Amino acid sequence: MPAVVIKERCIGCEICVRRCPLDAMETVALPEPEMILGRKVKKTVVVKYPEECWHCGVCRLDCPTDAIRFDFFDEMLTGVSRALPEVADGVL
Ligand code: SF4
Ligand code: SF4
């Protein structure tokens, strides 16, 4: 699944836009300024090309407000648990 921007946490700093190696993210002006996490915010970001997202996580690394998440299907997580049973057992 591609990166998902949590709009309610995004302060429009554009760090993720600059970091994305694929230029998959884009800045979008808000229709009107919104108060988000105590700041007056005039823009947000979206994943412009979700089908091209590598799921590399670079956009999330330096996000100051933890506004990017990745959704995984249950079957994907089950696959990881099968491949790395120590993860499922809480060893790692
Ligand atoms: S780094 Fe985080 S807060 Fe900044 S624009 Fe991207 S999603 Fe929004
Ligand atoms: S996960 Fe990687 S490729 Fe996808 S939007 Fe974020 S930085 Fe770009």
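To be clear, the structure that these remarks concern was listed above.
Values in this document were obtained by computation on a predicted structure and should not be read as measured data.

### Regarding the overall build of the chain
Within the chain, the regular secondary structure consists of four helices and four strands. Reading the chain from its N terminus to its C terminus gives the helix and strand order β-α-β-β-α-β-α-α. A fraction of 65% describes how many contacts in the chain between residues 6 or more apart in sequence connect residues 24 or more apart.

### Describing the site of ligand 2
Of all residues adjacent to ligand 2, which total 15 residues, the nearest are Cys-20, Cys-53, Cys-56, Val-58 and Cys-59. Broken down by class, the residue content of the shell around ligand 2 amounts to twelve nonpolar, two polar and one charged.

### What to know about the site of ligand 1
Looking at ligand 1, there are 14 residues lining it, with Cys-10, Cys-13, Cys-16, Cys-63 and Ala-67 nearest. Classifying every residue of the shell around ligand 1 gives eleven nonpolar, two polar and one charged.

### A closer look at the nonpolar core
Judged by nonpolar contacts, the single largest core of 13 residues is most densely connected at Val-5, Cys-16, Met-25, Cys-59 and Ile-68. Filtering out sequence-adjacent residues up to four positions away, Cys-59 remains in contact with Ala-3, Cys-16, Arg-19, Cys-20, Met-25 and Ile-68.

### Observations concerning the pairing of strand S3 (residues 39-47)
Of the pairings in the sheet, the one linking strand S2 (residues 25-36) to S3 comprises eight bridges and is antiparallel in character. Bridge pairing links Glu-26 to Val-46 in S3.

### Examining the environment of Pro-31
Checked against the element boundaries, Pro-31 lands in strand S2. Considered as a pair, Pro-31 and Lys-43 are twelve residues apart in the sequence and their alpha carbons are 8.6 Å apart.

### With respect to the environment of Leu-30
Following the sequence through the fold, Leu-30 ends up in strand S2. When the C-alpha positions of Leu-30 and Val-45 are compared, they lie 9.5 Å apart, and in sequence the two are 15 residues distant. If sequence neighbours within four positions are ignored, Leu-30 has contacts with Val-41, Lys-42, Lys-43 and Thr-44.

### As for unusual backbone geometry
Unlike most non-glycine residues, Asp-23 shows phi in positive territory, near 55°. Judged by the 11 C-beta atoms lying within 10 Å of it, Asp-23 is exposed.

### Regarding the environment of Val-4
Looking at the secondary structure, you find Val-4 in strand S1 (residues 3-5). Residue classification places Val-4 among the partly exposed residues on the basis of 15 C-beta atoms within 10 Å. Placed 42 residues apart in sequence, Val-4 and Val-46 show a C-alpha to C-alpha distance of 7.8 Å. Beyond its immediate sequence surroundings of up to four residues, Val-4 is in contact with Ile-68, Arg-69, Phe-70 and Asp-71.

Analysis parameters
- Residues numbered from 1 in each chain as written.
- Chains lettered and ligands numbered in written order.
- Predicted model: local features only at pLDDT ≥ 70, side-chain atom pairs only at ≥ 80, totals over all residues.
- Helix = DSSP H or I, 4+ residues; strand = E, 2+ residues; numbered from the N terminus.
- Contact = placed C-beta atoms within 7 Å.
- Near = placed C-beta within 6 Å.
- Nonpolar A, V, L, I, M, F, W, Y, C, P; charged D, E, K, R; others polar.
- Core = buried A, V, L, I, M, F, W, Y, C linked by C-beta atoms within 7 Å.
- Buried ≥ 20, exposed ≤ 12 C-beta atoms within 10 Å, placed from the backbone.
- Pairing = 2+ DSSP bridges.

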